[in-house]
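Each chain, letter by letter, is given below.
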Amino acid sequence: MIALACDHGGFELMGKVKAYLDNAGFKYKDFGTFSSESVDYPEYAVLAGQSIVLGDCARGIFICGTGIGMSVAANKIPGIRAALCFDNFMAQMARNHNDANVLCLGARVLSANTALGIIEVFLNSGFDGDRHARRVGMLTELDAARC
Ligand code: RB5
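As the structure is a computational prediction, the values presented were derived from the model and not from experiment. (Residues numbered from 1 in each chain as written. Predicted model: local features only at pLDDT ≥ 70, side-chain atom pairs only at ≥ 80, totals over all residues. Heavy atoms only, no water.)

(A) Spotlight on helix α6 (residues 131–146). Across its 16 residues, α6 extends 24 Å between first and last C-alpha, which sits within 8% of the 22 Å expected from 1.5 Å per residue. Taken together, the buried positions of α6 are H132, V136 and D143. Seen end-on, α6 carries its buried residues on one side only, within an arc spanning 40°. Turned more than 90 degrees away from the buried face of α6 sit R134, E141, A144 and A145, all of them exposed. If you follow the buried residues of α6, they end up packed against α4 (88–96). (Helix = DSSP H or I, 4+ residues; strand = E, 2+ residues; numbered from the N terminus. Expected span 1.5 Å × (residues − 1). Buried < 20%, exposed > 50% of the residue type's maximum accessible area, 1.4 Å probe, protein only. Arc of directions from axis to C-beta. Contact = heavy atoms within 4.5 Å.)

Structure representation (structure tokens):
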């Protein structure tokens, strides 16, 4: 299950993302927002992020205007590793090296086609483990130290 979150800046693109996910056979849970009315992105990042930490969802796709606000908010949730990606290589590395569980996208800085391509790479790439597992483990220790 994929957790979806967006603000008004990401609302239009999120419609296209859901159509892509439907077509590709991915299941998702949409935590909003559900219109282009102005809202505050941290609320939606927290709702969707918590569903990942609790194990209800495995990964997330969070979209705002730039992707920056969503990624900053998501990375404040212990257990979330959110990656703001601009191209397929970043999405590949985010999964291979960082075991990112949230992909953040900027609807105002990416074409829809580029965004969907990044999503495809993110959802179909795995974690390489090995030395990267040690580093990701250190990130988990940082989460614990912050509590
Ligand atoms: C909303 O105008 C915009 O600030 C938001 O979508 C996002 O880009 C924040 O990082």
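After presenting the structure, the write-up continues.
(B) Geometry of the side chain of R59. Looking at where R59 falls in the secondary structure, it is placed in strand β3 (residues 59–64). Despite its burial, R59 pairs with no opposite charge, the nearest such side chain being D99 at 6.3 Å. Within polar-contact distance, the side chain of R59 engages the backbone oxygen of F122 at 2.9 Å. Setting aside chain neighbours within four positions, we find R59 in contact with M1, I2, A3, I52, R95, N101, F122, L123 and S125. (Lys, Arg positive; Asp, Glu negative; His and termini not counted. Salt bridge = Lys/Arg side-chain N within 4 Å of Asp/Glu carboxyl O. Polar contact = N/O pair within 3.5 Å; in protein donor to acceptor, adjacent residues only side chain to side chain.)

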